[in-house]
Amino acid sequence: MGKDNRKILLDVKDLSVSFDTYAGEVQAVRGNSFYVRKGEALGIVGESGSGKSVTVKSLIKLLPMPPARIKTGTAMFNGKDLVKMSDKQLESIRGSEISMIFQDPMTSLNPTMKVGSQIMEGLIKHQKMSKKEAREKAIEMLRLVGIPTPEKRIDQYPHEFSGGMRQRGMIAIALACNPKLLVADEPTTALDVTIQAQILDLMKDLQEKMETSIILITHDLGVIADVAERVIVMYGGLIMEEGSIDDVFYRPQHPYTWGLLKSVPRLDNKAKERLIPIEGTPPDLFSPPEGCPFAARCEYAMPICKEQMPERTSVSETHSVFCWLQHDMAPNVVNPVIEGRGK
């Protein structure tokens with residue numbers, strides 16, 4: 001994979017986010033750096049509590065602050081630092097330049113407002129449209145996201161929509177103002193498999209048509225493989241591995257990524273062959289480990305893994321990993337994912 005010359009839209013450096021609770025400080029995100037290019041789909045994957053959602057929600061202040069606070073970091077979006085922005089400045093960006101699709105549309109849509117009114121609200125506020133123009137655009141958006149008879153549906157309430165249609169309605173609201181960046185936080189979790197596939201196809205289609213960048217947050221590697229071009233693997237508030245889809249799925253370097261891939265069902269698995277779970281539990285983020293957060297669950301862990309977090313190692317131009325197994329003095333470990341595929 002050659003060098004990608006698309007302009008960087010969002011550039012996050014050294015982001016740390018904590019929650020101050022009665023029991024102490026929860027260090028949810030600890031010094032992460034990543035970027036998203038214009039028109040690119042970036043996947044962030046990891047198990048619950050790995051810091052995926054907190055990372056992105058903190059940038060547009062969708063976390064309750066306090067108890068959440070950004071301790072360190074910058075997030076340059078279109079030349080402006082989101083971290084330094086006031087609530088008023090961020091309000092003008094949220095919904096117009098950065099939009100979000102949430103996990104459960106039933107709790108995200110206002111049950112007392114017609115779906116059309118919820119789409120029109122952002123258009124009137126951010127695009128200064130008249131009510132008539134906003135209504136026409138709302139019908140167009142409902143049609144774009146594949147809702148039948150949008151002229152009728154625009155005057156219906158969320159409870160009159162099915163689960164899949166509510167999620168389409170959420171996407172229509174999110175995309176109405178042509179945002180530069182769309183954040184999708186587990187957008188298909190509450191949907192059945194066929195509707196899930198339709199929603200993912202719709203997101204890919206809209207991304208191509210509107211050149212919107214997407215950050216897709218999920219624990220589902222299948223969803224990532226379907227939509228994203230690049231993927232970040234997170235664990236214990238830290239980035240473990242980052243690369244193109246091919247890098248991470250076919251040439252993974254971190255034992256945590258190996259574990260994630262081995263726990264996914266495969267078509268060539270023999271009947272009744274058991275999936276391999278990752279044993280153990282995630283680290284306590286009240287007092288995170290000094291070294292690699294995965295060391296306690298890693299069968300390849302060495303003494304240094306528990307003492308010191310490894311530096312970023314570039315595997316290729318598109319692929320990097322934080323793991324002591326990359327060190328020249330580390331033992332040579334056979335990559336079980338590559339070996340298992342006979343590659």
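Refer to the preceding data block for the structure.
The rules we used
Residues numbered from 1 in each chain as written. Predicted model: local features only at pLDDT ≥ 70, side-chain atom pairs only at ≥ 80, totals over all residues. Heavy atoms only, no water. Helix = DSSP H or I, 4+ residues; strand = E, 2+ residues; numbered from the N terminus. Buried < 20%, exposed > 50% of the residue type's maximum accessible area, 1.4 Å probe, protein only. Core = buried A, V, L, I, M, F, W, Y, C linked by side-chain atoms within 4.5 Å. Contact = heavy atoms within 4.5 Å. Salt bridge = Lys/Arg side-chain N within 4 Å of Asp/Glu carboxyl O.

Undergrad: I keep staring at unusual backbone geometry and nothing clicks. Help me out?
TA: With the exception of glycine, most residues fall at negative phi, and the peptide bonds are largely trans. Here the bond from Met65 into Pro66 is cis, since omega is -10°, no more than 30 degrees from zero. Position of Pro66 among the secondary structure elements: in the loop between α1 (52-59) and β4 (68-77). Following Pro66, the chain continues into Pro67 via a peptide bond in cis, with omega recorded as 10°. Backbone geometry at Lys128 places phi at a positive 55°, although glycine is not the residue there. Note on placement: Lys128 falls in the loop between α4 (115-126) and α5 (131-144). Lys128 gets classed as exposed once you look at its relative accessible area, which sits at 67%. Positive phi is not limited to glycine here, since Thr149 has a value of about 40°. With respect to the helices and strands, Thr149 occurs in the loop between α5 and α6 (150-153).

Undergrad: Please explain the nonpolar core as it appears in this structure.
TA: Soluble, globular proteins show a tendency: their nonpolar side chains are buried together. By size, the foremost hydrophobic cluster in this structure holds 37 residues, and its most contacted members are Leu10 and Leu82. Counting residues per element, this core draws most heavily on strand β1 (residues 8-21), which supplies six residues. When sequence neighbours within four positions are dropped, the list of residues in contact with Leu82 reads Leu10, Leu59, Lys61, Ala75, Phe77, Leu90, Ile93 and Ile98. Membership of the second largest hydrophobic core comes to 36 residues, among which are Met129, Ile139, Ala176 and Ile214.

Undergrad: Just checking my understanding: could you explain the environment of Glu290 for this structure?
TA: By the element assignment, Glu290 lies in the loop between α11 (255-262) and α12 (303-307). Judged by relative accessible area, Glu290 falls into the exposed class, the value being 67%.

Undergrad: Even after reading the chapter, I still don't get the pattern of salt bridges, so can you show me in this structure?
TA: Counting across every chain of the model gives 22 salt bridges. Measuring nitrogen to oxygen at the nearest pair gives 3.3 Å for the salt bridge that ties Arg37 to Glu40. With respect to class, Arg37 is no different from Glu40; both count as buried. Among the ionic pairs, Arg312 bridges to Glu242, the shortest N-O distance being 3.4 Å. Placement of Arg312 in the loop between α12 and β11 (313-316) and of Glu242 in strand β10 (residues 238-244) is noted, with a sequence separation of 70 residues between them. Its relative accessible area of 40% is what places Arg312 among the partly exposed residues. Owing to a relative accessible area of 6%, Glu242 belongs among the buried residues under this scheme. Taken together, the salt bridges that share partners define one network made up of Arg37, Glu40, Arg230, Glu242 and Arg312.

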